[in-house]
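# Close look at the chain arrangement
Residues per chain are reported as follows:
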Amino acid sequence: MGQACVKGTALPCDIDELRSLFLFEKLTDDQLAWICRNGHVELIEPGPVFLEGEPATCFYVLVEGTLVLTRRVGDDDVEVTRTSQRGAYSGAWFAYLEDRVPQVYTNSLRVTAPSRFVVLDGTALSRLMRDWFPMAVHMLEGLFFGQKNLQQLTGQRERLLALGSLSAGLTHELNNPAAAAVRATVSLRERVAGMRHKLGMIAAGPYDRPALEALIGLQEDAAERVGKAPALTPMETSDREDAVADWLDDHGVTGGWELAPTFVQGGIDVDWLERVAITVSPEILEGAVRWLTYTVESELLMKEIEESTNRISGLLAATKQYSQLDRAPYRQVDVHELLDSTLTMLGGKLAGIRIVREYDRTLPEIPVHAAELNQVWTNLVDNATAAMGGSGTLTIATSADHDDLVVEIRDTGTGVASDIQERIFEPFFTTKPVGEGTGLGLDISWRIVVGRHHGNLTVASVPGDTRFRVSLPTRPDLEPAEAVEAAAAGGPGSGTSPGAGRG
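Rules behind the numbers
Residues numbered from 1 in each chain as written. Predicted model: local features only at pLDDT ≥ 70, side-chain atom pairs only at ≥ 80, totals over all residues. Heavy atoms only, no water. Helix = DSSP H or I, 4+ residues; strand = E, 2+ residues; numbered from the N terminus. Buried < 20%, exposed > 50% of the residue type's maximum accessible area, 1.4 Å probe, protein only. Contact = heavy atoms within 4.5 Å. Polar contact = N/O pair within 3.5 Å; in protein donor to acceptor, adjacent residues only side chain to side chain. Patch = residues over 30% accessible without salt bridge, like charges linked within 9 Å, V, L, I, M, F, W, Y side chains within 5 Å. Areas by Shrake-Rupley, 256 points an atom, 1.4 Å probe, with all protein chains shown as cover. Salt bridge = Lys/Arg side-chain N within 4 Å of Asp/Glu carboxyl O. Lys, Arg positive; Asp, Glu negative; His and termini not counted. Charge placed at Lys NZ, Arg CZ, Asp CG, Glu CD. Core = buried A, V, L, I, M, F, W, Y, C linked by side-chain atoms within 4.5 Å. Axes fitted to C-alpha atoms, helices over the stretch in contact; angles between N-to-C directions. Parallel < 35°, antiparallel > 145°, perpendicular 65-115°, else oblique. Left-handed = near helix turned anticlockwise from the far one by under 90°. Nonpolar A, V, L, I, M, F, W, Y, C, P; charged D, E, K, R; others polar. 1 Å grid on protein atoms, 1.4 Å probe; cavity = no way out; pocket = protein on both sides within 12 Å on 5 of 7 lines; lining within 4 Å. Points joined across faces, edges and corners; volume = space filled by probe spheres on them. Disulfide = S-S within 2.5 Å. Pairing = 2+ DSSP bridges.

A count of helical and extended segments in the protein gives 12 helices and 16 strands. Taken over 503 residues, the protein has a buried fraction of 44%. Taking the contacts inside the protein whose residues are at least 6 apart along the sequence as the reference set, 76% of them involve residues at least 24 apart.

This next bit is on the side chain of serine 115. Along the chain, serine 115 falls in strand β9 (residues 115-121). A polar atom in the side chain of serine 115 sits 3.2 Å from the backbone nitrogen of threonine 66. A distance of 2.7 Å separates a polar atom in the side chain of serine 115 from the backbone oxygen of alanine 113. For serine 115, the residues in contact, after removing those within four places along its chain, are Glu42, Leu43, Ile44, Leu62, Glu64, Gly65 and Thr66.

On to a negative patch on the surface. A contiguous patch of negative charge, built from Glu236, Asp239, Asp242, Asp246, Asp249 and Asp250, is present on the exposed surface. Its location among the elements puts aspartate 246 in helix α6 (residues 234-250). Exposure remark for aspartate 246: the relative accessible area of 44% places this residue in the partly exposed category.

A general trend in soluble globular proteins is that nonpolar side chains are found buried together. Trp377, Leu394, Ile396 and Val407 are the most contacted members of the largest nonpolar core, which has 40 residues in total. Those elements that provide at least two residues to this core are α10 (335-345), β12 (366-369), α11 (370-388), β13 (392-401), β14 (404-411), α12 (441-452), β15 (456-462) and β16 (465-473). What isoleucine 396 contacts, discounting residues up to four positions off in sequence, is Leu339, Leu343, Val356, Arg357, Glu358, Tyr359, Val381, Val407, Glu408 and Ile409.

This brings us to the packing of α10 against α11. With their axes 9 Å apart at the nearest point, α10 and α11 run at an angle of 50 degrees to one another. In terms of orientation, α10 and α11 fall into the oblique class. Helix-helix and strand crossings are classified by hand; for α10 and α11 the assignment is right-handed. Judged by residue contacts, Val335, Leu338, Leu339, Ser341, Thr342 and Leu343 of α10 engage Ala370, Leu373, Asn374, Trp377, Thr378 and Val381 from α11. A class-by-class count of the residues in the contact of α10 with α11 yields eight nonpolar, four polar and no charged.

Inspection of the secondary structure assignment puts threonine 279 in helix α8 (residues 270-279). The exposure class of threonine 279 is partly exposed, given its relative accessible area of 30%. Sequence separation between threonine 279 and proline 210 is 69 residues, and the spatial gap between their C-alpha atoms is 9.3 Å. Within the structure, threonine 279 has its side chain in polar contact with the backbone oxygen of arginine 275 (distance 2.6 Å).

Here we come to empty space enclosed by the protein. Scanning all chains against the criterion turns up four cavities of 30 Å³ or more. Its volume calculated, the largest cavity comes out at about 90 Å³. Of the residues assigned to the lining of the largest cavity, the class counts are eight nonpolar, six polar and no charged.

With that settled, the discussion passes to helix α2 (residues 29-38). Since the α-helix advances by 3.6 residues per turn, residues separated by three or four positions end up pointing in the same direction. Listing the buried residues of α2 in full gives Gln31, Leu32, Trp34, Ile35 and Cys36. Of the surrounding secondary structure, the elements contacted by the buried residues of α2 are α1 (15-19), β2 (40-44), β9 and α3 (122-132).

Now for the state of the cysteines. Within the structure shown, the criterion is met by one disulfide. Paired by a disulfide, cysteine 13 and cysteine 36 hold their sulfur atoms 2.0 Å apart. On the sign convention where negative is left-handed, the bridge of cysteine 13 and cysteine 36, at about -65 degrees about the S-S bond, is left-handed. Of the two residues, cysteine 13 is situated in the loop between β1 (9-11) and α1 and cysteine 36 in helix α2; the sequence distance between them amounts to 23 residues. Note on cysteine 13: relative accessible area 28%, which makes it partly exposed.

Here we have five strands laid out as an open sheet, ordered β1-β2-β9-β4-β7, and antiparallel in their pairing. Lying at the two open borders of the sheet, with one neighbouring strand each, are β1 and β7 (89-91). Neighbour-to-neighbour, the strand axes of the sheet open up by a mean angle of 35 degrees, direction not taken into account. Relative to β9, β2 runs antiparallel, the two sharing five bridges. Across the sheet, leucine 43 pairs through a bridge with arginine 116, a residue of β9.

Once that is clear, we can look at the pairing of β13. Of the strand pairs in this sheet, strand β11 (residues 353-358) and β13 are connected by six bridges, and their pairing is parallel. Bridge pairing in β13 places glutamate 358 opposite alanine 397. When β13 meets β14, the two strands line up antiparallel, connected through eight bridges. Paired with threonine 398 across the bridge in β14 is valine 407. With antiparallel pairing between neighbouring strands as the criterion, β13 and β14 make up a hairpin whose turn holds two residues, including histidine 402 at a positive phi of roughly 55 degrees.

Listed below in structure tokens is the structure:
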């Protein structure tokens, strides 16, 4: 036996006992005898057996006792599996892949009670697999490397799909204010041309100096009122337009119904128009009103251009926030900024959906990989949007839970069936139609939250109320671990059944 695999007390190897383990039950007597010759049975007292990251030299099969598998995440050891099942195995079970993969333990093993194991060193296990089960080895190799390649390819496709979705949304969001600014600029050019024409008429008209000075004063006041115009309800707008149109008609201004909407939008009411009537003589009142209309229209158009360009600047700022350009990958952030930038980037997809923000603004900044967390918000919001079919309510809530900051994303969609809730965080599992999803969005999100940030991601769902809950530690001294590999959540090497859910 290899001395590197002796941790406790060597015991006699009983072929009949080996046959009682599910892993060996189909082996022949000669094969069982080979295992006894090339391996050994060992009694190990409570304590560590091997540690994650060490060279994987030994393969352990539980005969009696209790084993615990843990994975290092941040500063803590997270328990992956605890079992007393006879035949549960762990250790160097990738030995048959030889030097094509790093031969290190992917987790740590300890026993909580005196436990007996069948122990083989990695070289013996590799020889056993290749000599006894050559076809199975080829199939396992194909499965291992094929799944690894598939996950890389589909991961790239997932990122491309997300990028395409974000690009489409951003293009849509940018197009609206850009088009509005272009339209307003064209209209403004027409209004300025009209003002030049009207200015020529005023200069040639019967305006004395005091009347012109008073008119210019009214013009300045009208421009100022546009910037302070109150927001009106549709009913208030309609009533004020009727009142202004009636006033214009009563004072002989033709086409008053065309001018009234501009005045009302600019905050001009009947009382202000009375000041105009008092300032100028009746014969030049209509010219003065139309001159002031050009002023109000020009201010409204410049206001529209300003709002449009500010919207574009805001979108570009949100894009920079979302992508975390020119920023440290791991830093203290206000999680609300990340959530808002994600909602902005997905604005095109969220059209028709009511957004409710229930933010606790007293929450502290937390240390995170900001760009990666934005990917989590994108996946969760995108799934919620798809579940609601373009209409419904999306609620983003933040709160504190002891030492954790909690982000909850709720939707009023169809929900996640109870029989699949435990599977939705598995890689490649998707409920979307073929071609619309790769089944990696939630798996990636789970890895980022749990693996990178030592947090937790769970789901609770009934029709009309689905809630994804992300918990993130607020401790500033916590350094996030590297992404957790799929094997850490279950699989043959951990002694659990393949594909165990993480929900």
